[in-house]
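Structural overview
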Amino acid sequence: MLSRSAERLYWLARYLERTENTARLLSVYMNLMFDMPMDVQLSWRNLLTIFGAENAFLKLYDVPNEQNTMQFLLTDTANLGSLFSSLNAARENIRTSREIMPDEAWQQVNEMYLFAKENVDSATNRRGRVLILNEIMRGCQRFTGFLSGAMSHDDALRFIRLGRSIERADMTTRILDIASVLLAEDRTDKTRQYENAMWMNVLKSLSALLMYRKHRRHRINSADVLDFLLKDPDFPRSVRHCIKETEAYINRLPRSEGLTDNLTELTASLMATDIHRITPVQLHELLDAIQAKLAVTHNQIASTWFLAPNQDQSQSA
Amino acid sequence: MASLWDHYTVTNAYDEMRSSGNKARASSHHLSNYLDSLDGAALDVRKTAADLAIMEMGITFTVYSDEGNIDRAWPFDIIPRIIENKEWQRVAVGLKQRLKALNCFINDTYNEQSFIKEGLIPEYIIASSTNFLQECVGMKPRFGAWANICGSDLVRDKDGTFYVLEDNLRVPSGVSYMIENRVITKKVFPELLQDLDVLPVDDYPVNLFEMLMSIAPEHVDTPRIAVLTPGIFNSAYFEHAFLAQQIGAELVEGADLVVQEDNCVYMRTINGLEKVDVIYRRIDDQFLDPEVFRKDSMLGVKGLMRAWKAGNVSLANAPGSGVADDKVVYTYVPEMIRYYLNEEPILPNVPTYMCSDPEQLDYVLAHLDELVVKPANESGGYGMLVGPHASQEEVEEFRKIIKAHPRNYIAQPTLALSTCPTLCNNHLEPRHIDLRPFILQGESSFVTAGGLTRVALKRGSLVVNSSQGGGSKDTWIINTGM
């Protein structure tokens, strides 16, 4: 398989996973906002914090109200981190990978893109937004489901799954970062009362509510939710599980010797952390550290399998 | 009841579906009646369905623009163009005959040059051809097949005779649209395709694959094939990806390939370097190898010519094939057929005046307002003069250019180009069309069933190129049982 193709498939999967998770996050946050009584201070600004996009936002907009925040994160293609931008990037990667993908795979992503483009205007109201987000989430899942039934489980699919599992681990840490914001020491008593509702929504955003209940058999509380989403070995969106999958895909690819050491270390330090005693500041640092480690693995993947930028043709590889 | 055809006007040109008395031709009887049973609104529903399918299938061609909006939906007209199989079989034999002769000519040009020595073509024509590559002298590709993939443009004149307008031997494009057009038609008119005996077109990729396998270097057991594209910004990228997918080949760009000390071509894969044996290249000669041709080419592969000359990789089409894709050389094709094959040409050329010949040049300059003037070796429909449609200034402009570079121009009478009913704002109007069949030659020869029918969507226009407002139609070769 061509290095170039591997790279495109990997990015296709990352962008599509990012698209799906962005849709999940926006949709859950909207729900959360609807549940909250008017006097609980929870702002749309938090969403920008989760995406690490406050500065980028302020360059394009002034007030972080619902309308602006949603537009910025959902439809604004001037924001490279918006859902539409991710979807565009996913489409561009699959458009240029058509020779290695079943036709229907391309058509599904293309249809999703056309749907989004056609419905841009309806994203300004809540109802239209909910419909778009639902359709995007469904579309991404259709795609994933279609591939597992229609593509040989070969290196090409492994690069797709590799990209997906890394992106998924990364997105879960970003969603959990919501906690370091919401659990800030200076939060009001009123906010504390609604904490469970928040955690419920965090679980929902990762489709984890039922699995949490089944496996933890606890009432919902912040430490248990964090522990579940960071350390559970079996839940598909928990950070630990995603790392385990990433390792497995890497090990099945050629020339992968030594490439999983970084992830082994990451798992070890994650498992050694006592989530039940962690402060919000420590949590934020932990999540940052996980993200940094994932970036290291990404760079290793790129330098092992992808086409080096400006590869000099005279140079033998 | 009023008929859809009451308002259809057959022009002076030959109409593919209606005779001069506006009666359905025998092969189009069924289609004519069927269309008549639909009203304007029903036709529009079909058209909308086709447009939607094109969007969803992502059938695009690329237009360079400032806004970076690089993909345009493929303009497709839902009314098919019909050719009777009996007539087509004759044309197909003529096309194979033509490509065989052209390949003999190319092989001869780079080897013995007997055609020139016997005085059948003046030496200066070859010597002055920009597509003649010194680097290819002495090469003998397998089966003597240099141009393995050819797209010939056919037009019908007033009396219905098919003429060959040109043979595209470099990197002809359009075959993917021929195949996708049929896919769309199956969605739009499923009932029609069921009732009529229409030859399928989707066997092209299989034949392309077999041809590419047949030309692989002899010592290779299971050849690896790659399609070399200039990249995602090329106007034909969709087609490169489509063909690579259809034949199960790798789609590579120049940077994916490397030629090593052993003069073999390798591609960069996740396993490291892997050898490539056959390259279906969709890059022009000049960009193929910066070591030999244009030094500034970012698209090509350094050392590719070395590898090809060492016999370690086969290139389709072979470099230098373009020497026969020249409108001056074109005029000698009937002679080539007689000389190399000892046969009479089945398909006629369009009468062509060569500006390089002083007598013919005088005639051309005196009749610029009625002739079509074309550069001898350009493609894409740019830089040509359609005399009857040109302004006085344009004619004078061309007069100067032709006088300055007579070898670079040829002229042909303005052909009427046949018309075909085309959907324009809910009703049918005649629009001019041509036909580009694709011919393959490796160990054996193959011709597509029909080809890509291109249509000039503007009333009266004769320019069918997609880059200049042309569209396309599905082409049906049908058995009428007669």
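Residues numbered from 1 in each chain as written. Chains lettered and ligands numbered in written order. Predicted model: local features only at pLDDT ≥ 70, side-chain atom pairs only at ≥ 80, totals over all residues.

1. A few points about the overall build of chain B
Looking only at helices and strands, chain B has 15 helices and 23 strands in total. The C-alpha radius of gyration computed for chain B amounts to 23 Å, which stays within 12% of the reference 23 Å derived for 482 residues, consistent with globular compactness. Its C-alpha atoms put chain B at 75 × 60 × 50 Å along the principal axes. For chain B, with 482 residues in total, the buried portion stands at 48%. Contacts in chain B between residues at least 24 apart in sequence constitute 69% of all its contacts with a sequence separation of at least 6. (Helix = DSSP H or I, 4+ residues; strand = E, 2+ residues; numbered from the N terminus. Rg over C-alpha atoms; globule rule 2.2 N^0.38 Å. Buried ≥ 20, exposed ≤ 12 C-beta atoms within 10 Å, placed from the backbone. Contact = placed C-beta atoms within 7 Å.)

2. Regarding the overall build of chain A
A tally of helices and strands in chain A yields 15 helices and zero strands. Its C-alpha atoms give chain A a radius of gyration of 20 Å, within 12% of the compact-globule value 20 Å for 317 residues. Relative to its full complement of 317 residues, chain A shows a buried share of 44%.

3. Observations regarding the environment of Met101 of chain A
All names here are of chain A. Following the sequence through the fold, Met101 ends up in the loop between helix 5 (83-95) and helix 6 (103-118). The exposure class assigned to Met101 is buried, which follows from the 24 C-beta atoms found within 10 Å. Apart from residues lying up to four places away in sequence, Met101 is in contact with Ile94 and Trp106.

4. A look at the pairing of strand 11 (residues 272-276) of chain B
Regular strands place side chains that alternate from one sheet face to the opposite one. Residue and element names in this part refer to chain B. Strand direction decides the pairing type here: strand 10 (residues 265-269) and strand 11, joined by five bridges, are antiparallel. Along strand 11, the bridge assignment pairs Arg268 with Leu273. Hairpin remark: strand 10 followed by strand 11, antiparallel, with two residues in the connecting loop. (Pairing = 2+ DSSP bridges.)

5. Remarks on the interface of chain A and chain B
Where interface size is given, it is often the accessible area lost as the parts come together that is meant. Taken together, the contacts link 24 residues of chain A with 24 residues of chain B. Listing elements by their share of the side of chain A that touches chain B, those giving two or more residues are helix 1 (3-35) and helix 6 of chain A. No other element matches helix 6 of chain A, which puts five residues into the side of chain A that touches chain B. Along the lines of polarity and charge, the residues of the side of chain A that touches chain B split into ten nonpolar, eight polar and six charged. (Nonpolar A, V, L, I, M, F, W, Y, C, P; charged D, E, K, R; others polar.)

6. Quick notes on the sheet that holds strand 12 (residues 278-281) of chain B
Residues and elements named next belong to chain B. Pairing is parallel across the open sheet formed by four strands, whose spatial order is 8-7-12-13. With partners counted over all chains shown, the strands left at the sheet margins are strand 8 (250-252) and strand 13 (314-316), one partner each. Across the sheet, the mean angle separating the axes of adjacent strands is 25° when strand polarity is ignored. Alignment of strand 12 against strand 13, held across three bridges, turns out to be parallel. Within strand 13, the position partnered with Val278 by the bridge is Ser314. (Axes fitted to C-alpha atoms, helices over the stretch in contact; angles between N-to-C directions.)

7. Quick look at the nonpolar core
One finds Ala6, Leu12 and Leu229 of chain A together with Leu102, Ala226, Val227 and Ala411 of chain B to be the most contacted residues of the largest nonpolar core, which totals 220 residues. Of all the elements, helix 1 of chain A adds the most residues to this core, at 14 residues. Two domains share this core, each providing at least three of its residues, namely domain 1 (91-149 + 202-341) and domain 2 (353-413) of chain B. Not counting residues up to four positions away in its chain, the partners in contact with Ala6 of chain A are Met1, Phe159, Trp305 and Phe306 of chain A together with Ile270 of chain B. (Core = buried A, V, L, I, M, F, W, Y, C linked by C-beta atoms within 7 Å. Domains from an automatic or database assignment.)

8. Some words on the packing of helix 3 (residues 85-109) of chain B against helix 13 (residues 333-341) of chain B
All names here are of chain B. Between helix 3 and helix 13, the least distance of the axes is 9 Å, while the angle of their chain directions is 80°. One element, helix 3, and the other, helix 13, form an angle in the roughly perpendicular class. Residues Gln97, Arg98, Lys100, Ala101, Leu102, Cys104 and Phe105 of helix 3 touch helix 13, and the partners they reach there are Val333, Met336, Ile337, Tyr340 and Leu341. Of the residues contributing to the contact of helix 3 with helix 13, the split by class is nine nonpolar, one polar and two charged. (Parallel < 35°, antiparallel > 145°, perpendicular 65-115°, else oblique.)

9. Observations concerning the confidence of the model for chain A
Across chain A, pLDDT averages 89, with 93% of residues at or above 70. Considering only residues more than four positions removed or in separate chains, one finds that residues 312-317 of chain A, a stretch of pLDDT under 50, has ten contacts. (pLDDT = per-residue confidence, 0-100.)

10. A short note on the sheet that holds strand 11 of chain B
Residues and elements named next belong to chain B. An order of 9-10-11 is seen for the three strands of this open sheet, with the pairing classed as antiparallel. Each edge of the open sheet carries a strand with a single partner, namely strand 9 (257-259) and strand 11. In this sheet, adjacent strand axes meet at a mean angle of 40° when their direction is disregarded.

11. Remarks on helix 12 (residues 222-231) of chain A
Taken together, the buried positions of helix 12 of chain A are Ser222, Val225, Leu226, Phe228, Leu229 and Leu230 of chain A. Contacts made by the buried residues of helix 12 of chain A are with helix 8 (155-182), helix 10 (195-205), helix 11 (209-216), helix 13 (239-251) and helix 14 (261-272) of chain A.

12. What to know about the environment of Leu203 of chain A
Residue and element names in this part refer to chain A. Secondary-structure assignment places Leu203 in helix 10. Measuring from C-alpha to C-alpha, the distance between Leu203 and Leu226 comes to 9.6 Å, with 23 residues separating the pair along the chain. Apart from residues lying up to four places away in sequence, Leu203 is in contact with Ala208, Leu209, Tyr212 and Val225.

13. Describing the domain arrangement of chain B
Residue and element names in this part refer to chain B. For chain B, the domain assignment lists domain 1 (91-149 + 202-341) and domain 2 (353-413). Summarising the inter-unit geometry, the C-alpha centres of domain 1 and domain 2 are found 30 Å apart. Each side of the interface is counted separately: domain 1 has eight residues, and domain 2 has seven residues. Looking at side-chain class alone, the side of domain 1 that touches domain 2 contains one nonpolar, four polar and three charged residues.

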